[in-house]
Amino acid sequence: MAAHLSYGRVNLNVLREAVRRELREFLDKCAGSKAIVWDEYLTGPFGLIAQYSLLKEHEVEKMFTLKGSRLPAADVKNIIFFVRPRLELMDIIAENVLSEDKRGPARDFHILFVPRRSLLCEQRLKDLGVLGSFIHREEYSLDLIPFDGDLLSMESEGAFKECYLESDQTSLYHAAKGLMTLQALYGTIPQIFGKGECARQVANMMIRMKREFTGSQNSIFPVFDNLLLLDRNVDLLTPLATQLTYEGLIDEIYGIQNTSEDFFDKLTVEQEFMSGIDTDKVNSYIEDCIAQKHPLIKVLRLVCLQSVCNSGLKQKVLDYYKKEILQTYGYEHILTLYNLEKAGLLKPQTGGRNNYPTIRKTLRLWMDDVNEQNPTDISYVYSGYAPLSVRLAQLLSRPGWRSIEEVLRILPGPHFEERQPLPTGLQKKRQPGENRVTLIFFLGGVTFAEIAALRFLSQLEDGGTEYVIATTKLMNGASWIESLMEKPF
Amino acid sequence: MDCYTANWNPLGDSAFYRKYELYSMDWDLKEELRDCLVAAAPYGGPIALLRNPWRKEKAASVRPVLEIYSASGLPLASLLWKSGTVVSLGWSAEEELLCVQEDGGVLVYGLHGDFRRHFSMGNEVLQNRILDARIFHTEFGSGVAILTGAHRFILSANVSDLKLRRMPEVPGLQGAPTCWTALCQDRVAHILLAVGPDLYLLDQSACSAVTPFGLAPGVSSFLQMAVSFTYRHLALFTDTGYIWMGTASLKEKLCEFNCNIRAPPKQMVWCSRPRSKERAVVVAWERRLMVVGDAPESIQYKQLTIQVLLDRLVLRRLYPLAIQICEYLRLPEVQGVSRILAHWACYKVQQKDVSDEDVARAINQKLGDTPGVSYSDIAARAYGCGRTELAIKLLEYEPRSGEQVPLLLKMKRSKLALSKAIESGDTDLVFTVLLHLKNELNRGDFFMTLRNQPMALSLYRQFCKHQELETLKDLYNQDDNHQELGSFHIRASYAAEERIEGRVAALQTAADAFYKAKNEFAAKATEDQMRLLRLQRRLEDELGGRFLDLSLHDTVTTLILGGHNKRAEQLARDFRIPDKRLWWLKLTALADLEDWEELEKFSKSKKSPIGYLPFVEICMKQHNKYEAKKYASRVGPEQKVKALLLVGDVAQAADVAIEHRNEAELSLVLSHCTGATDGATADKIQRARAQAQKK
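Residues numbered from 1 in each chain as written. Chains lettered and ligands numbered in written order. Predicted model: local features only at pLDDT ≥ 70, side-chain atom pairs only at ≥ 80, totals over all residues. Heavy atoms only, no water.

Going by the annotation in an unreviewed UniProt entry, the name recorded for chain B is Vacuolar protein sorting-associated protein 16 homolog, with Puma concolor given as the source organism.

An unreviewed UniProt entry lists chain A under the name Vacuolar protein sorting-associated protein 33A, with Puma concolor given as the organism. On record in UniProt, under Sequence similarities (unreviewed entry), the comment for chain A is "Belongs to the STXBP/unc-18/SEC1 family." (UniProt positions renumbered as here; feature names shortened; annotations may be inferred.)

## What to know about the packing of aromatic side chains
Residues and elements named next belong to chain B. For the structure shown, the criterion picks out 30 aromatic pairs over all chains. A ring pair is formed by Y460 and F463, whose centres lie 5.7 Å apart and whose planes are at 20 degrees; its orientation type is stacked. Of the two residues, Y460 and F463 are both situated in helix α13 (residues 454-467); the distance of 3 residues between them amounts to about one turn of the helix. Like Y460, the residue F463 is buried in the burial classification. (Phe/Tyr/Trp six-rings, centres within 6.5 Å; stacked < 30°, edge-to-face > 60°. Helix = DSSP H or I, 4+ residues; strand = E, 2+ residues; numbered from the N terminus. Buried < 20%, exposed > 50% of the residue type's maximum accessible area, 1.4 Å probe, protein only.)

## Brief notes about helix α8 (residues 388-395) of chain B
Along α8 of chain B, the residues that are buried comprise L390, A391, I392, L394 and L395 of chain B. In this fold, the buried residues of α8 of chain B make contact with α6 (356-367), α7 (375-384), α9 (401-410) and α10 (414-424) of chain B. (Contact = heavy atoms within 4.5 Å.)

## Things to note about a nonpolar patch on the surface
Where nonpolar side chains cluster on the molecular surface, the patch consists of Y20, L22, Y23 and M25 of chain B and spans about 460 Å² of accessible area. Looking at the secondary structure, you find Y23 of chain B in the loop between β2 (15-18) and β3 (36-40). (Patch = residues over 30% accessible without salt bridge, like charges linked within 9 Å, V, L, I, M, F, W, Y side chains within 5 Å. Areas by Shrake-Rupley, 256 points an atom, 1.4 Å probe, with all protein chains shown as cover. Salt bridge = Lys/Arg side-chain N within 4 Å of Asp/Glu carboxyl O.)

## Here we look at the sheet that holds strand β2 (residues 60-65) of chain A
Residues and elements named next belong to chain A. Taken together, 5 strands build an open sheet; the order of strands is β2-β1-β3-β4-β5 and the sheet is parallel. A single partner strand is all that each edge strand has here, and the edge strands are β2 and β5 (134-139). Sheet twist, expressed as the average angle between the axes of neighbouring strands with direction ignored, equals 20 degrees. In the sheet, strand β1 (residues 34-38) pairs with strand β3 (residues 78-83) via 5 bridges, with the strands oriented parallel. Note on β3: the bridge partner recorded for K34 is N78. With respect to the sheet, helix α2 (residues 40-49) is in contact with β1, β2 and β3, its orientation differing from that of β1 by roughly 110 degrees. (Pairing = 2+ DSSP bridges. Axes fitted to C-alpha atoms, helices over the stretch in contact; angles between N-to-C directions.)

## A few points about the pattern of salt bridges
All names here are of chain B. Scanning the entire structure with this criterion turns up 69 salt bridges over all chains. In this structure, D541 engages R537 in a salt bridge whose closest nitrogen and oxygen atoms are separated by 3.9 Å. With D541 and R537 both in helix α17 (residues 520-543) and 4 residues apart, the pair spans about one turn of that helix. Residue D541 is classed as exposed on the basis of its relative accessible area of 58%. Connected through salt bridges with shared partners, the residues E96, D114, R116 and R117 form a single ionic network.

## Quick look at the domain arrangement of chain A
Residue and element names in this part refer to chain A. Along its sequence, chain A is carved into domain 1 (3-142), domain 2 (146-236 + 386-476) and domain 3 (246-357 + 480-484). One C-alpha centre belongs to domain 2, the other to domain 3; they are set 30 Å apart. At the junction of the two partners, domain 2 supplies 11 residues and domain 3 supplies 14 residues. Carbon and sulfur atoms supply 63% of the area buried between domain 2 and domain 3, which totals about 1,300 Å² over both sides. Three residues stand out in domain 2 for area buried against domain 3, namely L165, L236 and N476, and they jointly supply 46% of the buried area on that side. If you look at where domain 2 meets domain 3, you find 0 salt bridges. Our enumeration of links across domain 2 and domain 3 arrives at 1 residue pair in polar contact (both at pLDDT 80 or more). Those elements that place two or more of their residues in the side of domain 2 that touches domain 3 are α6 (159-164) and α19 (448-459). (Domains from an automatic or database assignment. Buried area = accessible area lost by both parts, 1.4 Å probe. Polar contact = N/O pair within 3.5 Å; in protein donor to acceptor, adjacent residues only side chain to side chain.)

The structure is reproduced here in structure tokens:
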């Protein structure tokens, strides 16, 4: 029992227990002593749902990291590979198995694919001549991992890049599967709202998957009233700005050394951009940062912020920044710059029109009178800037998106609404004063400041809505930009 | 009341029996049963007869006939046997008839004489032939065990997952054993055989001699053995007319009996009544029947479950009756009605005289979206009957792409499979189809197919990025995607090429591609990079040290640090480094060198485009207050206070702030006033503030 997961409106311990049960069942299938060979990437997420003691109770005696050539010696009956379905990992597994066969007593091999079995990978194992060596080949649908009483993450590092740069919707498929698991445990979510291309795709997949399960009518009383699917690229601005909540700040400055003065100067520039001041010309602070060779991520974050707050930069300004960056940090970063352009973070202004002021005003993204001690609005999390993503959620709950049609058309991707009909017995009659519960899913990542803003809305006396947050990855501006950087050497 | 007991006769001391006819067989057999191979399925299942001319020389030219009857003798099927010599017949648990041929081939038929499939008991048998075969049932399914002409046993414990196991040799076995049977112990199939007075147990690894517990002496041969349906019990009949009954492990004797008949019995089987604890063996000779028993059976054996009953009805094509039973018993749809409808559909697709459209429509009308019905299973059956088009139509009703796609691939409809996979959003499925297509089509067609499916194309690019870089280039070429080609060659210039000429050549290709993409910025930047690379190479040759792959900025810095100021200047001019950045660069480099003289000379070379505060800051960073003070005096009025505070001259900072009458500056200075030393300054500021407020 993990107490921190059960305090919220939705008891996420139910999910945690369900995934733990699934893990135990799998382990028990492989009777006898075991060694687990880990895809390193999975150890973090697994740590959140099962401690070593659970594994030990089920006769896991050794743990290794997946590496080429031979497995370390272990006197166990079963060797289980816990891996993501990736071809390069299959090659390593095959190497392990083949070198194992030549010596010592025969062991039973098994594979647990996380979160999904893959025909492609099994074909590769077959081509390598080892598929028959595995007794159990199963999948472990660990899609959404509970982090906190109101927070779920897929911890998929590459999701943003895959979705928005490479048109690879694998993580969207996993997201849809994760949502189906949630619905199996917490009931069908009667209403789905969404904004963005990826949101649309996830909703389509969910509707399709529901059709695939026609037989098993879900008889659980729905816990969530609605689901809001949001593309990260609908709001590229928010993660770029420095988070000013306690958790956000810790997240931001962890590992980064800044003098306090420089930190203050940087905030001033960010705030100027977000409130729409001097976004259309070369900024001298950014120039100085480049000239002093401040960390590239910091520079890129600022340039992208300026670009987003100006609906793209004038070609001359953009080229100037790019040239400065290439000369100072190296020409290899031309690949990174191109990635940022593909993601829409850095771009030339097209049509000579800056839409940001319209968006800022309509959605009241900039608030001049912020009370950080006793906040009355979500803008406190960025000392004046109200995160666009959270504002969209807030406006959806009251008065509804119809009031902001014009802005929704400016923001990228379609917005939509889908209903999943419930049998009459499961329809909810809300008590007066009872809050709705919205599951909000950030496709491409969410920041701690956004989470803080949503928690603030959940707490409001007359807010009317409580939020549970799900995401492909918990992130900040630095980790985000870093995931888009490409280092060819 | 005597009518109840009237026809009961005593059997031994404590039991009675009666004889009455349950029903008469409806069949009209032309030959005697003794001349046929006979197999009756358990639970009153069907009976198969193969009139067996192979034993009689006279009728060699006449083809045998395989007939299937219901348990009450109603004819279900009759077909002319055109295949090889059959050694043994038996029914599987699924009521499939297994016909084991002498050559090792096993033909499988349905209840209605429909041919299902064929498998072989191994090549070894082709030469040695099969002498004898047994079909047996385990919890995993139905197995086949054979005895070859070379007196070896081969068995498969489950014919639906065929794995042949060759059992170890029996030492000294020259002829066929007098009797043998398949046993199932601890979930593993064994063979028990009798050779003269010896019994052997064969498992996968060893042949071991065994002796039944408490066996009466004097046995020189075992003539018959029978194992009970649950494999718990075994009965042995010896040449002394002695019957041993005990556990199949042979470790426990339940009872023994000497019947004084030494002729080998025709048949010996275990029998029992439902829910009875009495176990007995029935031994049959030509004209004699004997029931031997008194063995309490501790565990009741399983009853025919409702599921098995339904299966049996379905196999007999009594669909409406089965559905009525499901409805009457209120079975959940998935286990009940749905399953029966699915069976019906599988039967329906075999009706060759009905058109594909009609069959598909009829099936969909009846099944609709009934939960638990797998359209892909039905489609697979249709494909099995050679009706590919019907299978495709049926697959349209299948909501699960994961089920549609593999079958479509099997039917070689890869392109249709591709669009189904894409619809599902399951990228693994898409990849699987793509790799199929790649092997199936020539390269041109494959690329063309990709071109029409953007989602598949992007996924395939991802695949190529990790697995086939060269193909990635071809894909970009096909699409005239010059921007990506440019990036591709940039990457290649780092990855593949060690020599500087090779790197420059790759970059040239990249620049050309960027020009084609009308990305002038990237093209020019790449040309600059080539220029820089060549230059760095020259610097390494002439000056020594490492320059390659430094950024332009770092190259200039390195030159200054090495004292090559002229070259640094030249490089900055060549690449048009903006003045401001160059000043920052020089300032940082000279301060790193602690070359204060050169720094001062530099500061005086012209008016600083970055002001003089950075000079103050950098000197202080190097802890050189003396040098810092020189520059503090040159800082412009706006940053003067800041500069003075940096060098620790609080008093003068206060004076400037007072002169500026700038409140922000005043408080900044005030915040720097520490302890007693700055007390006077603090007072001065407070007075100035007070005065300012008066006005």
